[in-house]
Amino acid sequence: MARGVAGPEIERLIQLLARLPGLGPRSARRASLALLQKREGLLVPLAEAMRVAAERVVVCSTCGNVDTSDPCAVCADPSRDPSILVVVEDVSDLWALERAGALHVRYHVLGGVLSALDGIGPEQLDIAGLIARAQDPAVREVIVALPATVDGQTTAHYLTEALAELPVSVTRLAHGVPVGGELDYLDEGTLSAALKRRTAV
Amino acid sequence: MEWTDQGIVLGARSHGESAAIVELLTREHGRHLGYVNGARGKRLAAVVQPGNTVAATWRARTDEQMGTFGLEGVALRSGALMASRLALYGLATMSAHLRHLPERDPHPALYVAAEALVSHLDDPDLAPRLFVAFELALLAELGFGLDLGRCALTGAEDDLAWVSPRSGRAVSRDAGAPWADKLLPLPPFLTARGRTGEGAQDPTPEEIALGIALTSHFLERAVFAPSGAQAPPERLRLVGLAVATAASRSEA
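Residues numbered from 1 in each chain as written. Chains lettered and ligands numbered in written order. Predicted model: local features only at pLDDT ≥ 70, side-chain atom pairs only at ≥ 80, totals over all residues. Heavy atoms only, no water.

Participant: An account of the pairing of strand β2 (residues 19-26) of chain B is requested, with residue identities and associated values reported.
Facilitator: All names here are of chain B. The buried fraction of β2 amounts to eight of the eight residues, a majority that puts the element mostly inside the structure. Because side chains alternate across β2, one face comprises the buried residues A19, I21, E23 and L25, and the other comprises A20, V22, L24 and T26, equally buried. Sheet topology places strand β1 (residues 2-15) next to β2; eight bridges connect them, and they run antiparallel. Across the sheet, residue I8 finds its bridge partner in β2, namely L25. Counted along the chain from β1 to the antiparallel partner β2, the turn is three residues long, and its residue G16 has a positive phi close to 70°. Two strands pair when backbone bridges link them, and β2 and strand β3 (residues 30-36) are joined in this way by seven bridges, in the antiparallel orientation. (Buried < 20%, exposed > 50% of the residue type's maximum accessible area, 1.4 Å probe, protein only. Helix = DSSP H or I, 4+ residues; strand = E, 2+ residues; numbered from the N terminus. Pairing = 2+ DSSP bridges.)

Participant: Outline the packing of helix α1 (residues 8-17) of chain A against helix α2 (residues 25-37) of chain A, supporting the account with residue identities and numerical values.
Facilitator: Residues and elements named next belong to chain A. Taken N-terminus to C-terminus, the directions of α1 and α2 make an angle of 125°; their axes are 8 Å apart at the nearest point. Comparing the axis directions of α1 and α2 gives the class oblique. Both α1 and α2 take part in a crossing whose hand is right-handed. Contact with α1, carried on its side by I10, E11, L13, I14 and L17, involves P25, A28, R29, A31, S32, L35 and L36 of α2 and no other residues of that element. Of the residues in the contact of α1 with α2, the class split is nine nonpolar, one polar and two charged. (Axes fitted to C-alpha atoms, helices over the stretch in contact; angles between N-to-C directions. Parallel < 35°, antiparallel > 145°, perpendicular 65-115°, else oblique. Left-handed = near helix turned anticlockwise from the far one by under 90°. Contact = heavy atoms within 4.5 Å. Nonpolar A, V, L, I, M, F, W, Y, C, P; charged D, E, K, R; others polar.)

Participant: Quick rundown of the packing of aromatic side chains? Include the residues and the values.
Facilitator: Residues and elements named next belong to chain B. This structure, assessed with the given rule, holds two aromatic pairs over all chains. Between the aromatic rings of W3 and W58, the centroid separation amounts to 5.7 Å while the plane-to-plane angle is 25°, which identifies the pairing as stacked. Linking W3 in strand β1 with W58 in strand β4 (residues 53-59), this pair joins segments that are 55 residues apart in sequence. The pair W3 / W58 is uniform in exposure class, with both members buried. A ring pair is formed by W3 and F69, whose centres lie 6.2 Å apart and whose planes are at 65°; its orientation type is edge-to-face. Separated by 66 residues along the polypeptide, W3 in strand β1 and F69 in strand β5 (residues 68-75) bring together distant segments of the chain. By way of ring pairs, the aromatic residues W3, W58 and F69 are connected into one cluster. Over the aromatic face of Y89 sits the side chain of R237, whose NZ or CZ is 5.7 Å from the ring centroid. (Phe/Tyr/Trp six-rings, centres within 6.5 Å; stacked < 30°, edge-to-face > 60°. Lys NZ or Arg CZ within 6 Å of the ring centre and 35° of its normal.)

Participant: Which residues make up the pattern of salt bridges, and what are the values?
Facilitator: Residues and elements named next belong to chain A. Scanning the model with the defined rule gives 18 salt bridges over all chains in all. Its salt-bridge partner being E48, residue R51 comes within 2.7 Å of it at the nearest N-O pair. Remark: E48 and R51 occur in helix α3 (residues 39-56); sequence separation between them is three residues, near one turn of the helix. Residue R51 is classed as partly exposed on the basis of its relative accessible area, which comes to 40%. Among the residues examined, E48 registers a relative accessible area of 40% and is labelled partly exposed. One salt bridge in this structure joins E98 and R80, with 2.7 Å as the shortest N-O distance. Taken together, the positions of E98 in helix α5 (residues 91-100) and R80 in the loop between α4 (73-76) and β3 (81-88) put the pair 18 residues apart, joining distant regions of the chain. (Salt bridge = Lys/Arg side-chain N within 4 Å of Asp/Glu carboxyl O.)

Participant: Account for the domain arrangement of chain B, naming residues and giving values.
Facilitator: All names here are of chain B. Along its sequence, chain B is carved into domain 1 (2-76) and domain 2 (81-148 + 186-251). The gap between the C-alpha centroids of domain 1 and domain 2 is 25 Å. Across the contact, 23 residues belong to domain 1 and 20 residues belong to domain 2. For the pair domain 1 and domain 2, the summed buried surface comes to about 1700 Å²; carbon and sulfur atoms form 56% of the total. Across the domain 1-domain 2 interface, the total number found is two salt bridges. Ionic pairing is found between D63 and R104, a salt bridge with its closest N-O pair at 3.9 Å. Counting only elements with at least two residues in the side of domain 1 that touches domain 2, the list comes to β1, β2, β3 and β4. Top element by residues in the side of domain 1 that touches domain 2 is β1. It accounts for five residues. (Domains from an automatic or database assignment. Buried area = accessible area lost by both parts, 1.4 Å probe.)

Here it is, written out as structure tokens:
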């Protein structure tokens, strides 16, 4: 086994960084070294930013987003269209849709999708919160923006059934050819869905 | 160790950032797990979806190891299945049922029934009867096969109308009449004559419901109760939906 080249504090920093997505032990070592070499310009401000985030960040009790206030900035924004609620699997999906900027609406983070293999049932997801929010008379449409996977779409159908009694229309994201997608690399299901929902040019 | 086989994807559990542990029902090697590098990447994400049929090459240093799968899509049907509630509930129920099988125990006959089912799960006319046939095949592979070929009392092969709830053997209409209230109805589409004999017809919604009630009884008695398990919740939704779909199509 290779002997550690740094003290225990630095080794701990490396170990913690290596747990982050996209970083392995080698890249965590490089990131640690970059932080240590830019101590005043990077390490100290990063540590302070992380300390503040750890102290102030809360989960929004309305939608499940993370922010420094509850309700979060998205839920508290009065300019958003209150008639549309977009259901997402987790916060990263909410952020992705916000980056797209296609709709200026509100969201609901489910906290996962139904998965028999992972033991995730309806009670592990915030479905009760979604139903309560969808009962708001201002809500007219619920867009189920869940992954185009079997688990994601099983959850979408489950939500459609759960919302069936409410006076809201339930829609889901379209499935089709992604930008940059070459047809001969696409699976038959995606091609079939794209052909069935073709549009006039 | 290395083998190549065809399999149906039953599930995939994420592992790390891009890999997954994939569960297959293979034709010759039974229910089998394997590690798949890059399973969540662009090339393989659509392949490791449940319901797809894949060509799998399994490799490991020893037989005891989980090993790794190399996968290539053979029939990528999960995209089509996603559009149908009936198909998704059927897929979830089928996968849950197959997890009652011990790992690496080959069941080629059950593989054939499972392949037939997933190939037609989005067909509301065929899926309900194939689902019943799959559950009967599952019972048979688990050692609780029903004998629906001849009457347990007379040996007759005609006019089979009942099934004994204890022995799982068919009983003809006349011979079973005195015990009719204790016997389970046998819908014609589950008998050889009803399927292929003269005047064979597509099963009615009531017959589909009777077929499901039959498999429900024996699954509960032979599979769920002994293991302390419950029927998968998707099965209840599937049964309601299948019967309702069959009814609406027969009305149309």
